[in-house]
Amino acid sequence: MSSTFRLDAPWTERNGRFSPLKAAVFAGLFLPAFWIAYLAVTGALEPKVVTELIHLTGKWAIRFLTLSLLVTPLMRGARYPKFVAVRRMIGVAAFACAAGHLFLYVVDQAFNLPHVVSEIALRFYLTIGFIAWLGLAALAATSTDAMIKRLGPKWRTLHALVYGIAVLALLHFMIQAKADVSEPVIMIGFFLILMLFRVLLKHGAAPLAAAVAATALATPLTALIEAGWYALVRHIPFWAVMDANFGLDDGLRPAAYVLGAGAIFVVVTFARRAPAPRTAEAAAFSRAR
């Protein structure tokens, strides 16, 4: 008796049909790698090529992780359940970048593993980063259909850890950034929108109301986090940073980007929930019935 092993392509649906959405996302996930490779080949990352590669792979791990968390809110807000089909591949891409991030750090330390271990143990931001990496590794290893069936209800509990992993990863990013924490704060603001949206939905809010409220809350919270960080770490006056968030003299602050992203989310949610305009033909057909 013979058995065949079937491996589904990442751009197909479960029924074997071609999925334009999955194909587009799958191709898009490789674009950062191509861009990073281009920067390395053209000398744009010199003189510290490995250090820059460490930073870039870490940034994309955070970006992909945040994007994976966007899938469910976008699926609910936009009423497009097919988005769930790409969540797994985005999460795996986040782990791939995180794995590259860790490997490049080992390379930067001349493969001195005892030194790497001691650095991870002694430096707080490396410790939490490594814990986040372990969490992503566990999620990636259990992301297959076989593991989902094997773990049963425990799978959902395990993968709920992604929120805690994201918090650790963002904190690692924030501490590592040191002088300029603009991008880490922006990513934290995006994360706040997604989490507040989920919480509000669980408490019975309508998706559109949840999107508006999440944006309205996350924007000032982002400004508070940025101002508080600079006040504690760099001793920049708290209110100086807060004032900068309400003017354009110093350019757009992270809170402005968070507000913009939230506004787009609100518009998408509203557009997908507004009733479709009725054409004359549709109206006539309705009256005929």
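Scroll up to find the structure.
Definitions and cut-offs
- Residues numbered from 1 in each chain as written.
- Predicted model: local features only at pLDDT ≥ 70, side-chain atom pairs only at ≥ 80, totals over all residues.
- Heavy atoms only, no water.
- Helix = DSSP H or I, 4+ residues; strand = E, 2+ residues; numbered from the N terminus.
- Buried < 20%, exposed > 50% of the residue type's maximum accessible area, 1.4 Å probe, protein only.
- Contact = heavy atoms within 4.5 Å.
- Areas by Shrake-Rupley, 256 points an atom, 1.4 Å probe, with all protein chains shown as cover.
- Axes fitted to C-alpha atoms, helices over the stretch in contact; angles between N-to-C directions.
- Left-handed = near helix turned anticlockwise from the far one by under 90°.
- Expected span 1.5 Å × (residues − 1).
- Phe/Tyr/Trp six-rings, centres within 6.5 Å; stacked < 30°, edge-to-face > 60°.
- Lys NZ or Arg CZ within 6 Å of the ring centre and 35° of its normal.

Novice: Is there a simple way to explain the overall build of the protein in this structure?
Specialist: When helices and strands are tallied, the protein shows 14 helices and zero strands. In sequence order, the secondary structure elements of the protein are arranged as α-α-α-α-α-α-α-α-α-α-α-α-α-α. The principal-axis extents of the C-alpha atoms in the protein amount to approximately 75 × 70 × 40 Å. Burial statistics for the protein: of 289 residues in total, 36% are counted as buried. For the protein, long-range pairs separated by at least 24 residues make up 63% of all intrachain contacts whose partners lie at least 6 apart in sequence. Surface accessibility of the protein: about 17200 Å² in total, with carbon and sulfur atoms responsible for 69%.

Novice: How should I be thinking about the environment of Val212 in this particular structure?
Specialist: Along the chain, Val212 turns up in helix H11 (residues 207-233). Separated by 51 residues in the primary sequence, Val212 and Ala263 place their C-alpha atoms 7.9 Å from one another.

Novice: Sorry, what's going on with the packing of helix H3 (residues 49-77) against helix H9 (residues 162-177) here?
Specialist: Each pair of packed helices gets described by two things: the angle between the helix axes and the distance between those axes. Running from amino to carboxyl end, H3 crosses H9 at an angle of 145 degrees, the nearest separation of the two axes being 11 Å. Considering the relative orientation of H3 and H9, their crossing is left-handed. Between H3 and H9, the contacting residues are His55, Lys59, Ile62, Leu65 and Leu69 on the first element and Val162, Tyr163, Ile165, Ala166, Ala169, Leu170, Phe173 and Gln176 on the second.

Novice: What is the right way to read the side chain of Thr215 from this model?
Specialist: Take Thr215: it is sitting in helix H11. Apart from residues lying up to four places away in sequence, Thr215 is in contact with Ile193, Leu259, Gly262, Ala263 and Val266.

Novice: Help me out: how do you make sense of helix H6 (residues 124-141) in this one?
Specialist: The terminal C-alpha atoms of H6 lie 26 Å apart, and with 18 residues this matches the ideal 26 Å at 1.5 Å per residue to within 8%. Of all the residues in H6, the buried ones are Leu126, Ile128, Gly129, Ala132, Gly135, Leu136, Leu139 and Ala140. The secondary structure elements touched by the buried residues of H6 are H3, helix H4 (87-108), helix H5 (113-122), helix H8 (153-159) and H9.

Novice: Looking at this structure, how should I read the packing of aromatic side chains?
Specialist: What characterises a pair of aromatic rings is the spacing of the ring centres plus the angle enclosed by the ring planes. If you walk through the whole model with that rule in mind, you get eight aromatic pairs. Each ring, one from Phe26 and one from Phe30, has its centre 5.1 Å from the other, and the planes form 75 degrees; the classification is edge-to-face. An angle of 65 degrees between the planes, with centres 6.2 Å apart, marks the rings of Phe103 and Phe111 as edge-to-face. Of the residues examined, Phe103 reaches a relative accessible area of 49% and is grouped as partly exposed. Judged by its relative accessible area of 51%, Phe111 is exposed. Taken together, the ring pairs in this structure connect Phe95, Phe130 and Trp133 into an aromatic cluster. Lying over the aromatic face of Trp60, Arg63 brings its terminal NZ or CZ to 4.7 Å of the ring centre.

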